[in-house]
Structure formats: C-alpha cells, structure tokens
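# A structural walkthrough
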Amino acid sequence: MRNSVMSRCLTLVLSAGLYAFSPLAGAADLASFAGQNGKIDIAGGTAHIPVMNAAAKRIMQSNPSIRITVAAGGSGVGVQKVGEGLVDIGNTGRALTDAEVAKYGLKSFAFAIDGVAAVVNPKNPVAGLTAVQVQEIFAGKITNWKAVGGRDAAIHVFTRDEASGTREVFWEKLLKKGVIADSANVVASNGAMKSALAGDADAIGYVSIGHIDDTLKAPALDGVLPTQDNARSGTYPVVRKLYMNTKGEPQGLTAAFINYILGDEGKRMTAAAGYLPL
C-alpha cells in the first residue's frame, strides 16, 4: 500500500503592486519596480521555489508596496491554478502538454536547465549505480542494498506524486517509463524528499540537482556524477527545463517579474540556486 509523506506548502508572502509594462519587452532590474504597487501570486513546481523566493524578497525589499506570494504544490498544481486564474504564474518542471495549452491558453517561459538525480542517505556506502539498477530498484525487482554493493539491508524507495514535474522527468528519462513499485513511499516536494532520505539510511529517492546538499548523496549514474556541469555538457542525461507559465500573454507586474527572472539579476539568482540560467 502506498504510503504518503506530506510536506508543508512553502509560502512566501511579500508586499506588491500593479506594473504598467510592455510584456517581455526587455530584461528588468529592481529599478523597474520603483513606484509601483499591486500583487503577484505564484504556485507550482517546488524546484523553482529558491529562485522565486529570492526574486520576491529582493523586489519586496526594493519596494514594500509590492505583494508576492510563492507557494509550492507541484507542476500539476501550477498548471491548474494558473489555468483557472487562481495565480498569475504557474511553475512547471516540465514542458506543457498540447492539451494544457489548448485548454487554458497558456504561455511558457523557460528560465533554467536542471538535472534530476537518484539520491540516497550520506551514510549509504554505494558510490554508483547503473541506469538498469535504478530502474530495477524503483520497480521493486532489487530490494536489498547488498545486490548493488551496499550493506545487507532492505531498500526503502521514495517517489513523488504523479503531478510532479520532477517525477515525470525521472520516470521518462531514467526509468524509461517503467513501473514504480506500489510499495514506494510518496512525498510531496523536493524538500520533503530531502527530509525523508536524511532520516533513513536505507532510503533512495530522487530530487532536482539544485536541491542536492550535504544532507543527500548522489551516486554516479553509469559512471557519471549528476552535477549541473555534467548536465550542461550533456554528459549527464536526466535533464529538464524549468518554466514559468501564464494564462495568455503576461501583463503588468507579472510581465515585470518574468523579465526580472530572465534578466541579469535573475540569472545570477538562478545560478546561485544551483541551476543553469537560460
């Protein structure tokens, strides 16, 4: 039976306002927000959170009259909420489907490249796995770490829910759309995955490479370390783009925010969060 590990939805509330701006006319910096007021609501992919929060914080500090909310929920939530007009920007860790574009009239703006990696607890001695071994672990065919060079202990598999863009990329590009065992524990975000694996020495899961820190260990995949440099060069194959999506062409503050993320300051924040700016 599938277990569920829930994570608290990350929400950052800052001040904000209306912004008269020609949509995506050019890269914006903080001066673009001077004298404006209004709000922007953002939700969706959890990989985006560090960049969105950093941008929102800087904008608020430069102009306390602007209110920005940043919430998680996964790529599926991002699509639904922006499509139904509940938020201004819906973030996804995958490209929109043709059906989503047709249903909601969405526009996509890619701002970063990110890798997705299988990760384990730092105490796990396994330094590398093959793609086939990862596929068989997640399918429930390999159930003991001893079979892949680890200690004699049962493997505890963690995955994301089906609305997750991180899950979709991992499932398509590494698992080759193979089975994920029903016994896998389901977590709701990259942050929840990190917490689950940090507390379980026999766990395996997957996260955005931008979320890997000293609380996780990312074994080499077929001899290639899952780093952003290897993702950039194409050596590491499990990569995806991160997108901001709007209902129709973005206007006002929403356009200004997207321009800010796509501009020089946004690129620096994207790189600082561990992603590759586009």
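## Overview of unusual backbone geometry
Among all residues except glycine, the phi angle is most often negative; among peptide bonds, the trans geometry is most common. Here the phi dihedral of Lys-176 falls at roughly 55 degrees; this positive angle occurs in a residue that is not glycine. Among the secondary structure elements, Lys-176 is positioned in the loop between α5 (165-174) and β9 (185-187). Backbone geometry at Lys-177 places phi at a positive 60 degrees, although glycine is not the residue there. Along the chain, the position of Lys-177 falls in the loop between α5 and β9.

## Overview of the environment of Ala-272
Mapped onto the elements of the fold, Ala-272 is located in helix α9 (residues 264-272). Residue classification places Ala-272 among the exposed residues on the basis of a relative accessible area of 70%. For the pair formed by Ala-272 and Ala-54, sequence separation is 218 residues and the distance between their alpha carbons is 9.8 Å.

## Quick look at the side chain of Asp-200
Position of Asp-200 among the secondary structure elements: in the loop between α6 (190-198) and β10 (203-208). The charged side chain of Asp-200 is buried without a salt bridge, its nearest counter-charge being Arg-151 at 6.9 Å. If we skip the residues at most four places from it in the chain, Asp-200 touches Asn-121, His-156 and Phe-158.

## Focus on the packing of helix α1 (residues 49-62) against helix α8 (residues 252-262)
Contact geometry of α1 with α8 gives a least axis separation of 11 Å together with a crossing angle of 115 degrees. The orientation of α1 relative to α8 falls into the category roughly perpendicular. Considering only the axes of α1 and α8, their crossing is right-handed. For the pair α1 and α8, the contacting residues are Val-51, Met-52, Ala-55, Ala-56, Arg-58 and Ile-59 in the first and Phe-257, Tyr-260 and Ile-261 in the second. Residues that form the contact of α1 with α8 fall into these classes: eight nonpolar, no polar and one charged.

## Observations concerning the side chain of Asn-124
Looking at the secondary structure, you find Asn-124 in the loop between β6 (106-120) and β7 (128-129). In this view, Asn-124 contacts Trp-145, Ala-201 and Lys-217; residues no more than four positions away in its chain are not counted.

## Looking at the pairing of β10
Of all six residues in β10, six are buried; the element is thus mostly enclosed. Both strand β8 (residues 156-160) and β10 contribute to a ladder of two bridges, which runs parallel. Its bridge partner lying in β10, Val-157 is registered against Ile-204.

The rules behind each value
- Residues numbered from 1 in each chain as written.
- Predicted model: local features only at pLDDT ≥ 70, side-chain atom pairs only at ≥ 80, totals over all residues.
- Heavy atoms only, no water.
- Helix = DSSP H or I, 4+ residues; strand = E, 2+ residues; numbered from the N terminus.
- Buried < 20%, exposed > 50% of the residue type's maximum accessible area, 1.4 Å probe, protein only.
- Lys, Arg positive; Asp, Glu negative; His and termini not counted.
- Salt bridge = Lys/Arg side-chain N within 4 Å of Asp/Glu carboxyl O.
- Contact = heavy atoms within 4.5 Å.
- Axes fitted to C-alpha atoms, helices over the stretch in contact; angles between N-to-C directions.
- Parallel < 35°, antiparallel > 145°, perpendicular 65-115°, else oblique.
- Left-handed = near helix turned anticlockwise from the far one by under 90°.
- Nonpolar A, V, L, I, M, F, W, Y, C, P; charged D, E, K, R; others polar.
- Pairing = 2+ DSSP bridges.

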